[in-house]
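# Understanding the architecture of this molecule
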Amino acid sequence: MRVGFVQFAPELGRSQPNLERAEALAPRADLLVLPELAASGYNFESTAQARSLSEPADGPTLAACRRIARKTGAAAVVAGFAERDGDRLYNSALLADAGGLLGVYRKTHVFESEKDHFLPGDTGFRVWDVAGVRVGVMVCFDWFFPEAARTLALRGAEIIAHPSNLVLPWCPDSMPVRSLENAVFAVTCNRWGEERGLKFIGRSQVTAPDGQILVRAPDGADAAETVEIDPARARVKTIAKRNDRFGDRRPEHYAR
Ligand code: ACM
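The text that follows walks through the structure, step by step, so that each part is easy to find.

Rules behind the numbers
- Residues numbered from 1 in each chain as written.
- Predicted model: local features only at pLDDT ≥ 70, side-chain atom pairs only at ≥ 80, totals over all residues.
- Heavy atoms only, no water.
- 1 Å grid on protein atoms, 1.4 Å probe; cavity = no way out; pocket = protein on both sides within 12 Å on 5 of 7 lines; lining within 4 Å.
- Points joined across faces, edges and corners; volume = space filled by probe spheres on them.
- Nonpolar A, V, L, I, M, F, W, Y, C, P; charged D, E, K, R; others polar.
- Pairing = 2+ DSSP bridges.
- Helix = DSSP H or I, 4+ residues; strand = E, 2+ residues; numbered from the N terminus.
- Axes fitted to C-alpha atoms, helices over the stretch in contact; angles between N-to-C directions.
- Contact = heavy atoms within 4.5 Å.
- Buried < 20%, exposed > 50% of the residue type's maximum accessible area, 1.4 Å probe, protein only.

### A few points about empty space enclosed by the protein
In the structure shown here, the tally under the stated rule is 1 cavity of 30 Å³ or more. Together, Y42, K107, F111, E114, C140, F141, W143, N165, L166, V167 and L168 line the largest cavity. For the lining of the largest cavity, the residue count by class is 8 nonpolar, 1 polar and 2 charged.

### Concerning the sheet that holds strand β12 (residues 205-207)
With mixed pairing, the 6 strands of this open sheet are ordered in space as β6-β7-β8-β9-β12-β13. Of all strands in the sheet, those bounded by a partner on one side alone are β6 (127-130) and β13 (213-216). Strand-to-strand twist in this sheet, taken as the mean axis angle between neighbours without regard to direction, amounts to 20 degrees. By the bridge criterion, 5 bridges tie strand β8 (residues 159-163) to strand β9 (residues 185-189) in an arrangement that is parallel. If you follow A161 over to β9, its bridge partner there is V187. Together, β8, β9, β12 and β13 form the strand contacts of helix α6 (residues 171-182), whose direction differs from that of β12 by roughly 25 degrees.

### Remarks on the pairing of strand β5 (residues 100-106)
Taking burial as the measure, the 7 residues of β5 include 5 buried ones, the bulk of the element. Pairing geometry for strand β4 (residues 88-97) and β5, over 6 bridges, is antiparallel. In the strand pairing of β5, A93 is matched with Y105. Joining the antiparallel neighbours β4 and β5 is a turn of 2 residues.

See the structure below:
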């Protein structure tokens, strides 16, 4: 299975050119991940601006993902978007194939000024079947909470698709541990560039169940990278002869 990311620098408020840029860059792959809020941009001046750049789940981002799936042969494309559901706004990610929408995840852990515009997600962590492989989704700052990746892995995710707009410096060096502790692949697709004083760190990457970084993008340039993986590696949760990541858990000792 070939998985990859499309790192680019969306411009705030320029949804159509942003989606066109992602489409132009998208390489052939079975699973492709785009950044968080890929069409709208991130650092909204106001909730009114966030609302004006929001879209329903079957909006322009879905249409672009369907076109990307058609162009690249991808069984699924994952992209972040500002979701409008009635009066409510969520920082969401959708999963689509050429035929349409496969599902939506609403970001659980909203970061900083996102709290002014978006409600905390209410979908919980979800896993979809993509060409026989289990794909879970989390969005950007969810990485900081190990429970997010762990919950996805416990729910059967073999690959975590992770659309991001990272500003804190630690994610690229932390995701190898999320992959290792859960024995999952992770595709973190970050953006780069600056928006109203906020700098995004690039360095999109794919990490493997042994904690290896299979490919990493630079910090300040467009990068569409793919790598071949064997998802079966994520089905083996053994740590040592007598230890298993899930079998050895002691949840009765984990409550506060
Ligand atoms: C973030 O969650 N976009 C920092």
